[in-house]
Amino acid sequence: MSDTPDRDHEDDRTLAGELALGVLEGEERRAAEARAATDAPFAALVADWHARFGDLAAAAAPVAPPVRVWQALEDTLFDEPRREASGLWNSLGFWRWLAGGTAALAAACIALLVVVTLPRGEPPLVAALQSGGAGPVFLAHVDAGSGKVVVHVLEPDRDTSHVPELWVIAGDGVPHSLGVINRHGETAIALPAALRPVTAAGATLAVSLEPAGGSPTGKPTGPVIAAGKISKI
Amino acid sequence: MTSAESIESLLARVALRDRGAFELLYQRTSAKLFGVCLRILSERAEAEEALQEAFVKIWRNAGQYSQARAGAIAWMAAIARNQSIDRLRARRRGAEDIDVAAEVADGRPTPEAEAVAAADRRLLHDCLDALEPGHAAAIRDAYFGGYTYEALARRGGVPLGTMKSWIRRGLAKLRECLER
């Protein structure tokens, strides 16, 4: 295309800028990327542009992030991952954590709350559904008499692009959907007849984040954000 | 104490898996990087996620910094920008519609925000300002909106060839100006 080396160099610099800026598409982009991978002087031009544009990004006005970002980072980098987007149901760590039974303590904390809201009769079944480390995120009580489970949201998830879905996991370890719950406040769910016997003391209630309308597969597809065992109080 | 330590030196220690250095680095730079994420992702929750991802990358890739030609903050800001743009593009792929484009346009940087932090390195800004306004806007839009030529042309209501020549001329001018 060009007649002089200078001209070529000029074109290369522009091409490197286009690549760094991210405006190229399709074949043009693939060709430029391939060249950056093999042609060191060209790669240096691209790196130079990246640096220049980095300055542009760095000119953004600073805004202090909330503390939870650092906490999440620490969890992600320095602890066992607890909120992986996939495979959590198969993760040994997750089940070990569930079995660890921190829920008992939390269940005691909510006893008062449930006792004052429930009519006398059979001992109430409750579950405190917790996330990785902090306090309970959901409280649930199962009313075996009327076949209902009522879930209270204590700490709404900030992910508003998904909906929380409640699951019960009994002895067979298979999650069964109890339906989508509200992001705030409380939700009463009528237990399907088939799930009434298994939604009992010892079973686990869990909440996963699912696409609007609930899991499309009938199994949890998103991250499990909280779980806890049902127990009598 | 360590508070006077340079960002470069903190990054070098992070490359050696020094958690304390990482925490200091976070304290010193997270507000700046969060500003970058917020500028690109109008939704705060998403900006928080992008910030977290950016610092995961910084923790893992700090060793690559010495090879970069950028200032340490620019290198980190570029990582935050890239994470945010990835999210923006994924969102756009999910909902290919005008609303998203409009939302992004609203989230664009204000001139005031830009003026605020240009203290240390203002060269690229000065040079952008010297471009024809349309060319400079297209370059900013590409960088902070993650738009390709085609998307930029569509948004600007100009033919693809026109958009390409705007940006190419803009880049060439920037180059000249930066080397002056």
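Note that this is a predicted model, so its numbers are computed, not measured. (Residues numbered from 1 in each chain as written. Chains lettered and ligands numbered in written order. Predicted model: local features only at pLDDT ≥ 70, side-chain atom pairs only at ≥ 80, totals over all residues.)

Draft legend 1. Region of interest: the overall build of chain B. When helices and strands are tallied, chain B shows 10 helices and 0 strands. Counting every position in chain B, which comprises 180 residues, the buried fraction comes to 39%. Across chain B, contacts joining residues at least 24 apart in sequence account for 60% of those joining residues at least 6 apart. (Helix = DSSP H or I, 4+ residues; strand = E, 2+ residues; numbered from the N terminus. Buried ≥ 20, exposed ≤ 12 C-beta atoms within 10 Å, placed from the backbone. Contact = placed C-beta atoms within 7 Å.)

Draft legend 2. Geometry of the overall build of chain A. When helices and strands are counted, chain A shows 6 helices and 9 strands. Relative to its full complement of 233 residues, chain A shows a buried share of 32%. For chain A, restricting intrachain contacts to residue pairs at least 6 apart in sequence, the fraction spanning at least 24 positions comes to 59%.

Draft legend 3. Layout of the interface of chain A and chain B. At the junction of the two partners, chain A supplies 38 residues and chain B supplies 49 residues. When contributions to the side of chain A that touches chain B are tallied by element, the ones reaching two or more residues are α1 (5-21), α3 (40-58) and α4 (67-78) of chain A. Here the side of chain A that touches chain B gets 11 residues from one element, more than from any other, and that element is α3 of chain A. Looking at side-chain class alone, the side of chain A that touches chain B contains 23 nonpolar, 6 polar and 9 charged residues. (Nonpolar A, V, L, I, M, F, W, Y, C, P; charged D, E, K, R; others polar.)

Draft legend 4. Just the pairing of strand β1 (residues 125-130) of chain A, in detail. Residue and element names in this part refer to chain A. Extensive coverage of β1 is indicated by the burial of 6 of its 6 residues. Across 2 bridges, β1 lies against strand β9 (residues 231-232) in antiparallel orientation. Paired with Val126 across the strands is Ser231, a residue of β9. (Pairing = 2+ DSSP bridges.)

Draft legend 5. Focus on the environment of Ala16 of chain A. All names here are of chain A. Examined against the element boundaries, Ala16 turns out to sit in helix α1. Classification of Ala16 by C-beta neighbours within 10 Å gives buried; the count is 25. C-alpha of Ala16 to C-alpha of Ala44: the two residues are 28 residues apart in sequence and 8.9 Å apart in space. Excluding residues within four positions of it along the chain, Ala16 makes contact with Phe42, Leu45, Val46 and Trp49.

Draft legend 6. Layout of the nonpolar core. Counting residues in hydrophobic clusters, the biggest one holds 65 residues, and the most contacted among them are Cys37, Leu51, Ala77 and Ala80 of chain B. Counting residues in hydrophobic clusters, the runner-up holds 29 residues, among them Leu178, Val224, Ile225 and Ala226 of chain A. (Core = buried A, V, L, I, M, F, W, Y, C linked by C-beta atoms within 7 Å.)

Draft legend 7. Unusual backbone geometry, seen in detail. Positive phi values are uncommon outside glycine, yet Arg17 of chain B reaches one of about 70°. Classification of Arg17 of chain B as exposed rests on a count of 11 C-beta atoms within 10 Å.

Draft legend 8. Spotlight on the environment of Ala80 of chain B. Within the secondary structure, Ala80 of chain B sits in helix α4 (residues 72-94). Judged by local crowding, Ala80 of chain B falls into the buried class, with 32 C-beta atoms found within 10 Å. The sequence separation of Ala80 of chain B and Gly35 of chain B amounts to 45 residues, and the corresponding C-alpha distance is 9.3 Å. When neighbours within four sequence positions are excluded, Ala80 of chain B is seen to be in contact with Ala57 of chain A together with Leu33, Val36, Cys37, Ala50, Leu51 and Ala54 of chain B.

Draft legend 9. Fine view of the confidence of the model for chain A. All names here are of chain A. The predicted model of chain A has a mean per-residue pLDDT of 77, with 74% of residues at 70 or higher. Here helix α5 (residues 92-100) is the element of chain A with the lowest mean pLDDT, 43, and helix α2 (residues 26-38) is the one with the highest, 92. With pLDDT under 50 throughout, residues 80-106 is counted as low confidence; its partners more than four residues away or in other chains account for 30 contacts. Segment residues 111-118: pLDDT under 50, and 7 contacts once partners within four positions in sequence are set aside and those in other chains are kept. (pLDDT = per-residue confidence, 0-100.)

Draft legend 10. Quick look at the environment of Gly214 of chain A. Residue and element names in this part refer to chain A. With respect to the helices and strands, Gly214 occurs in the loop between β7 (204-210) and β8 (224-229). Classification of Gly214 by C-beta neighbours within 10 Å gives partly exposed; the count is 18. For the pair Gly214 and Val163, spaced 51 residues apart in sequence, the C-alpha to C-alpha distance is 6.8 Å.

Draft legend 11. Expanded view of α3 of chain A. Spanning 19 residues, α3 of chain A covers 26 Å between terminal C-alpha atoms, matching the ideal 27 Å at 1.5 Å per step. Within α3 of chain A the residues assigned to the buried category are Leu45, Val46, Trp49, His50, Arg52, Phe53, Gly54, Asp55, Leu56, Ala57 and Ala58 of chain A. (Expected span 1.5 Å × (residues − 1).)

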